[in-house]
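Reading the structure
Take a look at the letters that make up each chain.
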Amino acid sequence: MNTLDIQGLRITLPGTARPVLDGVDLTVAPGETVALVGESGSGKSITSRSALRLLPPKAVVEGSVRVAGEDVLTMSADRLRAVRAGAVAMVFQDPRAAVNPLRRIGDFLTESVTLTGVMNRTDAAARAVELLGAVGLDASVVDRYPGQVSGGMLQRVVIAAALMGDPALLLADEPTTALDVTSQAEVIALLAGLRARFGTGLLFVTHDLDLAAAISDRVYVMYAGRIAESGPAERLFARPRHPYTAALLASTPRMDGPRGRLTAIEGQPPDLRQELHGCAFAARCPLATEVCDQRVPAPVAAPGAPGHVAACHHGDRLEGSTVDAR
């Protein structure tokens, strides 16, 4: 059984001409790290937050979002509260926005599990100290206030808090964006180590392809609310089958890359106020033909690699083209 199983997820908001998410399928197995990548506004965050049913007001939702076999979209409020306290946890982008600056870190760590009755105060305090050690911090941190620790330390605290309920699924929404490069590397290594130690499934949301390559087993590339491509990380980054994936890779700055102006993806993502009749990437794609404007491409497996899938009418033309990132 998958830790997270999203099938046919479609979310429509008032005042939009097309869904924010349009038929998203995504899975995370126990102990697996899955990266969800794409430009800002592609739908990454709302996809991850659907696992906690943290959806915009008046959203119309279709499909299913199952966590450990249970659909969070249809469960009762009491059951959802229990799932949020135990089965699923989220690490947000800015650690300082996740904590109360006027309360001690120890209170922040123990509050959710004690209020929901998952643990008593004594057990929660012991668990907090254990998890602080797991993220590389000593027990004295419980008596400090958020303003008394660095951003990197506070992100470690937030990760420890997310693990308090022993979740089967950890959602990390751009967890390193607010950190310096050194702290970013430390947090990435920490998440990888915790996954191995606790067997937690991890959905890692990022726009940074290098981070995705460093931490993930599999990758989903999202564009305009749809999954453009998915597959094993090593293969997907080495042999992309969708022009959008290849363009993202080509536009990633590298120390050993050619000098000069960075490659950019021309144009802009489609507006939510405009309907889409074909491929969402067609207006920006150098391989686009008439069929791309008229028909939504179906996901097609790469030859000899059934786990590597791309929704592109011309995936077989990508190799050797001007957008090929290899």
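Quick note: structure is the one above.
For the structure given in this document, a descriptive report is provided here.

Rules used throughout
- Residues numbered from 1 in each chain as written.
- Predicted model: local features only at pLDDT ≥ 70, side-chain atom pairs only at ≥ 80, totals over all residues.
- Heavy atoms only, no water.
- Core = buried A, V, L, I, M, F, W, Y, C linked by side-chain atoms within 4.5 Å.
- Buried < 20%, exposed > 50% of the residue type's maximum accessible area, 1.4 Å probe, protein only.
- Helix = DSSP H or I, 4+ residues; strand = E, 2+ residues; numbered from the N terminus.
- Contact = heavy atoms within 4.5 Å.
- Pairing = 2+ DSSP bridges.
- Salt bridge = Lys/Arg side-chain N within 4 Å of Asp/Glu carboxyl O.
- Phe/Tyr/Trp six-rings, centres within 6.5 Å; stacked < 30°, edge-to-face > 60°.
- Axes fitted to C-alpha atoms, helices over the stretch in contact; angles between N-to-C directions.
- Parallel < 35°, antiparallel > 145°, perpendicular 65-115°, else oblique.
- Left-handed = near helix turned anticlockwise from the far one by under 90°.

Comments concerning the nonpolar core
- Ranked by internal contacts, the top residues of the largest apolar core, which has 37 residues, are L109, L132, V157, I159, L191 and F204.
- The biggest single contributor to this core is helix α5 (residues 151-162), with seven residues.
- Discounting residues that sit within four places of it in the chain, L191 has contacts with I159, L170, P175, L202, F204 and I215.
- Counting residues in each nonpolar core, the second largest holds 30 residues, with L4, V28, L52 and V65 among its members.

Quick word on the pairing of strand β8 (residues 201-206)
- The element β8 is largely enclosed, with a buried count of six among its six residues.
- Covered by surrounding structure in β8 are G201, L203 and V205 together with L202, F204 and T206, the residues of both alternating faces.
- Bridge count between strand β3 (residues 33-37) and β8: five bridges; the pairing is parallel. Within the sheet, the bridge partner assigned to A35 lies in β8 and is F204.
- Where strand β7 (residues 169-173) lies against β8, five bridges are found, and the strand directions are parallel. Residue A172 lies in a different strand from β8, and its bridge partner there is F204.

Notes on helix α9 (residues 243-250)
- Counting buried positions along α9 yields seven of eight residues, so the element is predominantly enclosed.
- Of the residues making up α9, those classed as buried are P243, Y244, T245, A246, A247, L248 and L249.
- Elements that come into contact with the buried residues of α9 comprise α7 (209-215), β9 (218-223), β10 (226-232) and α8 (233-238).

What about the sheet that holds strand β4 (residues 60-67)?
- Pairing in this open sheet of four strands is antiparallel, and the strands run β2-β1-β4-β5 from one edge to the other. Both edges of this open sheet fall to β2 (21-28) and β5 (70-71), since each of them pairs with a single strand only.
- Of the strand pairs in this sheet, strand β1 (residues 4-12) and β2 are connected by six bridges, and their pairing is antiparallel. Bridge assignment links L4 to a residue of β2, and that residue is V28.

So, the pattern of salt bridges
- For the structure on display, the rule yields 10 salt bridges.
- For R273, the salt bridge identified is with D271, shortest N-O distance 2.8 Å.
- Under the relative-accessibility criterion, R273 is labelled exposed at 64%.
- Given a relative accessible area of 29%, D271 falls into the partly exposed group.
- Here the residues in one salt-bridge network are R10, D22 and R226, joined through shared partners.

Quick notes on the packing of aromatic side chains
- For the structure on display, the rule yields three aromatic pairs.
- Both rings, one in Y223 and one in F281, keep their centres 5.2 Å apart while their planes meet at 85 degrees; by these two values the pair is edge-to-face. Of this pair, Y223 sits in strand β9 while F281 sits in the loop between α9 and α10 (290-294), and the two are 58 residues apart along the sequence.
- Owing to a relative accessible area of 4%, Y223 belongs among the buried residues under this scheme.
- F281 gets classed as buried once you look at its relative accessible area, which sits at 2%.
- Linked through ring pairs, Y223, Y244 and F281 together constitute an aromatic cluster.

Digging into the packing of α5 against helix α6 (residues 181-198)
- Contact geometry of α5 with α6 gives a least axis separation of 10 Å together with a crossing angle of 20 degrees. In terms of axis orientation, α5 runs roughly parallel to α6. Considering only the axes of α5 and α6, their crossing is right-handed. In this structure, α5 contributes G152, Q155, R156 and I159 to the contact, and α6 contributes S183, E186, V187, L190, L191 and L194.

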